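# Structural overview for review
Each chain, written out:
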Amino acid sequence: MNGTACARAGTLRMMAAAALSTLPVLAIVWSLVAWRSILPAELPSQWSGDKVVSHLPTLAFAITALVIAATSAAFSWHAALSPLSHDHHRRTFLISGSVAATAASAWLISAGLASHPDQEIGANGLWAIAALFSGLAPFAVAPANSSPDSVSEGVDLELTSSESVAWSHSQSVPLFICTSVVCLLAAGGFGFVPMILAGVDASNVGALIVMSVLALTSYTFARIRVTIDRRGLRARSATIGITLVSVALADVTAAETIILEPLRWGGWGYRAGLHGRALVLRSGPAIVVTLRNGTDVAVTTAAAEQAVSVLRALLRGAD
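Residues numbered from 1 in each chain as written. Predicted model: local features only at pLDDT ≥ 70, side-chain atom pairs only at ≥ 80, totals over all residues. Heavy atoms only, no water.

## Observations regarding the overall build of the chain
What counts, and what does not: Secondary structure counts use DSSP, requiring at least four H or I residues in a row for a helix and at least two E residues in a row for a strand, with both numbered from the N terminus. Any residue under 20% of the maximum accessible area for its type is buried, any over 50% is exposed, and the rest in between are partly exposed; the area is computed with a 1.4 Å probe on protein chains only. Only heavy atoms matter for contacts: two residues are in contact if any of them lie within 4.5 Å across the pair.
Secondary structure assignment for the chain yields eight helices and 11 strands. By the burial criterion, 42% of the 319 residues in the chain qualify as buried. In the chain, 66% of the contacts between residues at least 6 apart in sequence involve partners at least 24 apart.

Here it is, written out as C-alpha cells:
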C-alpha cells in the first residue's frame, strides 16, 4: 500500500474512532426524543442497594450528561482531524470514549428506571461499569503510531574547555489537557450541580473532591518544560511550577534516545519502578539517562535527539 493510500486509510480509521466516541451523545439525544412524554420531573440519581436515596431534576440531569458526552466527543473529533501523529491521539479516544459512555449510561439508567414503580437499579449498575471501558473500542479502531522503531542519535556536539551549551524545550500535552477539562466537567456535573439542586451528601461531595483532584493532577502535566544544562536534566510543570524530574549532571553516566511506549512503562504520567523513573507524556522519542547507581530516568520529548546531543557534550566537558 503506497503512502497516499496508507494516509487515507489512517484518516478513515481516525474518523471511525471519533464516530464511536460520538455514539453516547446520539444515545442521549435519542432517549430525550423517544421518552420526552414519559419522563417525570425528577429522576433517581443515587441508590443505596436497590433503594433510591436522592433525585435530580430531569432537565438538569439531561443537560449535564449531554454536555459531558458532547465535550468528550468534541475532543475525539479534534484528534481525528488533527494532522499530528495518530498514536498521540489514541489516548484521547480512550479517555473521551469512556467518559462520554459513562455520562450517557448514568442518564440512560436513571431515565430508563424512572417509569418503574420500584426503580431498583439491580443489574443495571453493570452497564455503568462496562461504560468505563468503552473507550477501548475507539482506541483499538484508531491507527497505531507510524513512527520508526528507533531514532537516529543525531550529531554529537564538540565543545572546547571554555565553552558551554544548554537546551530547553516546552511542550503542551493534549492528553492531559483533555483529561483536566473532562474531570472539571465531571466535578461540576456529578458533584457541584447535584449539591446545589439536591443538597449536600457524601456521594456528591466525594465526586467533587475526587474529580477536582484528578483535574488538578492532569493540569500539572498539561504543559512541561524540559531543560538540560550544566546542572543536569530537569523537567518542570509549566502550569503550576513544580519540578517533576531533576537529575544532576554528576550523577549521569550515559544518555541515549529511544522510542518509548507508555504501556511498557506502566502508563502515562510520572512512573517509578525498581529499574528507574519516567515522565511519560506521549508515545515516541524519549531521553533516557543512566545513573551511577544503575537505574534509568526517561523523559519523553519530541526533540529528544537534540537534547541527548547536548547532554553528551556536557558529560564530555565534565570529564
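## Considering the confidence of the model for the chain
What counts, and what does not: Every residue carries a pLDDT, the predictor's confidence in it, which falls somewhere between 0 and 100.
Here the chain averages 80 in pLDDT, and 80% of its residues register 70 or above. Confidence, read as mean pLDDT per element, is least for strand β1 (residues 42–48) in the chain (71) and greatest for strand β11 (residues 296–300) (92). Below pLDDT 50 for its whole length, residues 146–154 participates in 17 contacts with residues either more than four positions away or in separate chains. Confidence over residues 159–163 falls short of pLDDT 50; this stretch has four contacts with residues more than four positions distant or in other chains.

## Some details on the packing of aromatic side chains
Put simply, the rule reads: Classification of ring pairs rests on two measures: the distance between centres of Phe, Tyr or Trp rings, Trp counted by its six-membered ring, which must be within 6.5 Å, and the angle between planes, read as stacked under 30 degrees, edge-to-face over 60 and tilted in between.
Scanning the entire structure with this criterion turns up three aromatic pairs. Measuring from centroid to centroid gives 5.7 Å for W30 and W35, while their planes differ by 70°, and the two rings are edge-to-face. Residue W30 is classed as exposed on the basis of its relative accessible area, which comes to 52%. Where F176 meets F221, the ring centres are 5.2 Å apart and the plane angle is 35°; that geometry is what we call tilted. Of this pair, F176 sits in helix α6 (residues 174–198) while F221 sits in the loop between α7 (202–220) and β4 (223–229), placing them 45 residues apart in sequence. Both residues of the pair, F176 and F221, count as buried.

## Remarks on a nonpolar patch on the surface
Quick reminder of the rule: Candidates for patches are residues over 30% relative accessible area with no salt bridge; among them, like charges are joined within 9 Å and nonpolar side chains (Val, Leu, Ile, Met, Phe, Trp, Tyr) within 5 Å. Reported accessibility uses the Shrake-Rupley method at a 1.4 Å probe radius. Residues are deemed covered only where the shown protein chains occlude them. Here, a salt bridge means any side-chain nitrogen of Lys or Arg that lies within 4 Å of a carboxyl oxygen of Asp or Glu.
Side chains of L126, I129, L132, F133 and L136 sit close together on the surface and give an oily, nonpolar patch of about 530 Å² of accessible area. For L126, the location among the structural elements is in helix α4 (residues 125–131). For L126, a relative accessible area of 57% corresponds to the exposed category.

## Side note on the environment of P262
The topology assignment puts P262 in the loop between β7 (252–260) and β8 (269–273). As a C-alpha pair, P262 and T300 span 38 residues in sequence and 9.7 Å in three-dimensional space. With residues up to four places along the chain from it excluded, the contact list for P262 reads G267, W268, V280, R282 and S283.

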